[in-house]
Amino acid sequence: MSATATLDHVSVHFGRTIALQPTTLTLEPGVVGLLGPNGAGKTTLLRTLATTLAPTTGRITVAGHDVTGTHTQRVQARRHIGFTPQEVVFPRAMTAFAFLDYIAVLKEWKDSPARHREVHRVLELVDLAERANSRVSKLSGGQRRRLAIAQALIGEPTLLILDEPTTGLDPEQRATLRNLLSHAPGTVLISTHQTEDIAALCDRVIVLSAGQVRFDGTVAALLAHAAGRVHVGPSASVGAVQTWRTGTGQIRSVGGEPAAGATTTEPTVEDAYLLLRADQPYPSGATA
Amino acid sequence: MSWHVTAPLWEAYTAGSLNTSAQASIEVHVTSCATCRVAARTYAADVHPLWDSIHHTVSQPRLPALLRVLRRWKVPERDLAVLGASDSLALSWAVAVGGALTAVIATAVAGARQEFTFLLLVPLVQVVAVMAAFAATDVLHELVTATPVNKVRVALLRAAAALSIAVPSTAAIGLLVPNLDGLAFAWALPALGLVLAALVLHTWCAPWTAAGITAAGWTALVAAGHSHLGEAGVQAGAACVAVALAAFYVVRTRTLQWGGVR
């Protein structure tokens, strides 16, 4: 399978702060989830791949074009990228259609009829066709988030980069978005705190912490890390990473020694993530 | 319905021999006339281009009046989409006309400091008008950066559209204000340099910050010796600075930062 994007020893420094440690990754077609706590370097990694932030060291390629090379190469790479930042502040006077039309022009859709067809296509995809002529200021938070995603979908990019795309979406909209992303061509790289989105959607998961890749593998491999380490019982496990009372009154414990009467239960991606975060050193098989 | 598309009209339409307005008239008519929609199936070998064209016509949002004027001047649709982004051009043109009027009034009441006031304000009207054109869409900076569009072209398009109103407005002032003599148009080359300086600064900071820094620098220069602005050497110097800033702007957008022009 050919790589959509590669990072070769890419690091990002902000003054003395290292936001991203030297990182080497190869992204192939499929949906890749990026997990990590706030400040882990997820957004930095996404912005660097989206060509909006220059790396301090290393080399990046997108669709075979060296992003870290010449300006021309970077422009070539941008033709293959769709990017939704974590926060999109819209000019409030614009309509949904005018906003997408503007972005489509910036994506070099020069022919007006074709461009307008593409705008209508992405509006349909995110279920905003009925609001095409509504001003952005009249849209709800979820609708604005879908509009931000729609602009990234213009032109069916080879590399779709979405920073927390499901924030502000209701369960139905999230399900619709999952369906949409699961059919997207090329590589979809999504950063999210919603572990259930990772479980439902991703072929591969990358966990970042303190600017380093702590895990890079399949969702099944991440879950395997937590197998046999999550328990449900009348009291909390000793030394558990996290515990909480469930709706049945039982205590669910992630990690630790199970208490008397506790039974082992199937771990979720969130359990595995919590265990991965807590484990020192990081488990064998994880890349750094 | 008072009329229907006749057979010769359909034949001319399908042959593509009608002028643009006649073609558009048929397309709009067909959207509201069931008889002609049926006839379209008869005359058009392939109706899809017709429907595509109709869809394009009816789905395209109506452009603001200012942009419809530009469309008549054959400005391409894609450029109109850029200029129309968030009414940025309307704001810019309002700032240009308002700034020109403000400059007239301030010059008129300045008394002995008439020349100083005129030369201080008029170039800054150009800077503020251009930066106003960028301000409305600045919030989209990161999104725009990730697109392949030629950012220099977009920036120059915005600047040119802003200056198309700002320059004539302020040039008229030079003709209206008495006793300026050789200084009436001495602002033009320095204004070009100032606009380019603001564009360069805008690659680092927000539009209004860039305008503020430029205004502060210009105020210091004018205070130091506004009476010399009309001299040939000073004008030549301003032209050289403008050329250097233009070159730096292009280089800056291509090499110094990935973000490039906002």
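Quick notes on the rules
Residues numbered from 1 in each chain as written. Chains lettered and ligands numbered in written order. Predicted model: local features only at pLDDT ≥ 70, side-chain atom pairs only at ≥ 80, totals over all residues. Helix = DSSP H or I, 4+ residues; strand = E, 2+ residues; numbered from the N terminus. Rg over C-alpha atoms; globule rule 2.2 N^0.38 Å. Buried ≥ 20, exposed ≤ 12 C-beta atoms within 10 Å, placed from the backbone. Contact = placed C-beta atoms within 7 Å. Nonpolar A, V, L, I, M, F, W, Y, C, P; charged D, E, K, R; others polar. pLDDT = per-residue confidence, 0-100. Pairing = 2+ DSSP bridges. Axes fitted to C-alpha atoms, helices over the stretch in contact; angles between N-to-C directions. Expected span 1.5 Å × (residues − 1). Arc of directions from axis to C-beta. Parallel < 35°, antiparallel > 145°, perpendicular 65-115°, else oblique. Left-handed = near helix turned anticlockwise from the far one by under 90°. Core = buried A, V, L, I, M, F, W, Y, C linked by C-beta atoms within 7 Å.

What about the overall build of chain A?
Helix and strand content of chain A: nine helices and 14 strands. Relative to the compact-globule value of 19 Å for 288 residues, chain A shows a C-alpha radius of gyration of 21 Å, a close match. Principal-axis analysis of the C-alpha atoms places the extent of chain A at approximately 70 × 45 × 35 Å. For chain A, the proportion of its 288 residues judged to be buried stands at 49%. In chain A, 63% of the contacts between residues at least 6 apart in sequence involve partners at least 24 apart.

A word on the interface of chain B and chain A
Many authors give the size of an interface as the accessible area that is lost as the parts come together. Contacts between the two partners involve 30 residues from chain B, matched on the other side by 34 residues from chain A. Of all the elements in the fold, those that place two or more residues in the side of chain B that touches chain A are helix H4 (48-59), helix H6 (77-83), helix H9 (141-145) and helix H13 (232-256) of chain B. Its residues placed into classes, the side of chain B that touches chain A shows 13 nonpolar, eleven polar and six charged.

With respect to the confidence of the model for chain B
Residue and element names in this part refer to chain B. In the predicted model, chain B carries a mean pLDDT of 82, and 88% of its residues have values of at least 70. Element-level pLDDT for chain B is lowest in H4, with a mean of 66, against a maximum mean of 92 in helix H11 (residues 188-202). Complex prediction metrics read pTM 0.79 and ipTM 0.85.

Looking at the sheet that holds strand E9 (residues 204-209) of chain A
All names here are of chain A. In space, the six strands of this open sheet follow the order E6-E7-E8-E3-E9-E10, with mixed pairing throughout. Each edge of the sheet is formed by a strand with only one pairing partner; in this case those strands are strand E6 (81-84) and strand E10 (212-217). Adjacent strand axes in the sheet meet at a mean angle of 15 degrees, parallel and antiparallel pairs treated alike. Taken strand by strand, helix H5 (residues 141-153) contacts E6 and strand E7 (159-163), and its axis lies near 170 degrees from that of E6.

Quick word on helix H12 (residues 207-225) of chain B
Residue and element names in this part refer to chain B. Compared with an ideal rise of 1.5 Å per residue, which puts 19 residues at 27 Å, H12 spans 27 Å between its outermost C-alpha atoms and is within 8% of the ideal. Within H12, burial applies to Pro207, Ala210, Ala211, Thr214, Trp218 and Val222. For H12, the arc enclosing every buried residue in end-on projection is 90 degrees, short of the 170-degree limit, so these residues lie on one face. Exposed side chains of H12 directed beyond 90 degrees from the buried face belong to Ala216, Thr219, Ala220, Ala223 and Ala224. Packed against the buried residues of H12 are helix H8 (114-135) and H11.

Quick look at the sheet that holds strand E11 (residues 230-233) of chain A
Residue and element names in this part refer to chain A. Taking strand neighbours across the sheet as the criterion, the four strands line up as E12-E13-E11-E14 in an open arrangement whose pairing is antiparallel. The sheet terminates laterally at strand E12 (242-245) and strand E14 (263-264), the two strands that pair on one side only. As defined by bridge partners, E12 adjoins strand E13 (residues 251-254) across four bridges and the pair is classed as antiparallel. Looking at E13, one finds that Arg245 is bridged to Ile251.

Focus: the pairing of E10 of chain A
All names here are of chain A. Relative to E10, E9 runs antiparallel, the two sharing five bridges. Counterpart to Val207 in the pairing with E10 is Phe215. The hairpin turn running from E9 into E10, its antiparallel successor, is two residues long, and Ala210 in that turn takes a positive phi close to 50 degrees.

Section: the pairing of strand E2 (residues 17-27) of chain A
All names here are of chain A. Direction of pairing for strand E1 (residues 5-14) relative to E2: antiparallel, over a ladder of seven bridges. Bridge pairing in E2 links Leu7 to Leu25. Counting the residues between successive antiparallel strands, the hairpin from E1 to E2 contains two residues, one of them, Gly15, with a positive phi of roughly 65 degrees.

Re helix H4 (residues 112-125) of chain A
For H4 of chain A, built from 14 residues, the straight-helix expectation of 20 Å at 1.5 Å per residue is met to within 8% by its first-to-last C-alpha distance of 20 Å. Trailing H4 of chain A by a residue or two, Asp127 of chain A shows a phi angle of about 60 degrees, which is positive.

Section: the environment of Val243 of chain B
Residue and element names in this part refer to chain B. Counting through the fold element by element, Val243 comes out in helix H13. Val243 gets classed as partly exposed once you count the C-beta atoms within 10 Å, which come to 13. With 204 residues separating them along the chain, Val243 and Ala39 place their C-alpha atoms 60 Å apart.

A short note on the packing of helix H3 (residues 96-106) of chain A against H4 of chain A
Residues and elements named next belong to chain A. Put simply, H3 and H4 touch, their axes get as near as 9 Å, and they point 120 degrees apart. By the angle class used here, H3 and H4 are oblique. Of the two possible hands of crossing, H3 and H4 adopt the one that is right-handed. Counted together, Ala96, Phe97, Leu100, Asp101, Ala104 and Val105 of H3 and Arg115, His116, Glu118, Val119, Val122 and Leu123 of H4 form the full contact between these two elements. Looking at side-chain class alone, the contact of H3 with H4 contains eight nonpolar, one polar and three charged residues.

Notes on the nonpolar core
Judged by nonpolar contacts, the single largest core of 144 residues is most densely connected at Leu100 of chain A together with Ala129 of chain B. A per-element tally of this core places H8 of chain B first, with 16 residues. Ala129 of chain B has contacts with Ser92, Val95, Ala96, Gly99, Ala162, Leu163 and Ala166 of chain B, leaving out every residue within four places of it along the chain. Of all hydrophobic cores here, the second largest spans six residues; its members include Val5, Tyr13, Val30 and Cys36 of chain B.

Here we look at the packing of H8 of chain B against helix H10 (residues 151-176) of chain B
Residues and elements named next belong to chain B. Across the interface, H8 lies against H10 with an axial gap of 9 Å and an inter-helix angle of 155 degrees. The angle between the axes of H8 and H10 places the two elements in the roughly antiparallel class. Judged by the twist between their axes, the crossing of H8 over H10 is right-handed. The segment H8 lies against H10, with Val122, Val125, Gln126, Ala129, Val130, Ala132, Ala133 and Phe134 engaging Arg158, Ala159, Ala161, Ala162, Leu163, Ala166, Val167, Thr170 and Ile173. The residue inventory of the contact of H8 with H10, partitioned by class, reads 14 nonpolar, two polar and one charged.

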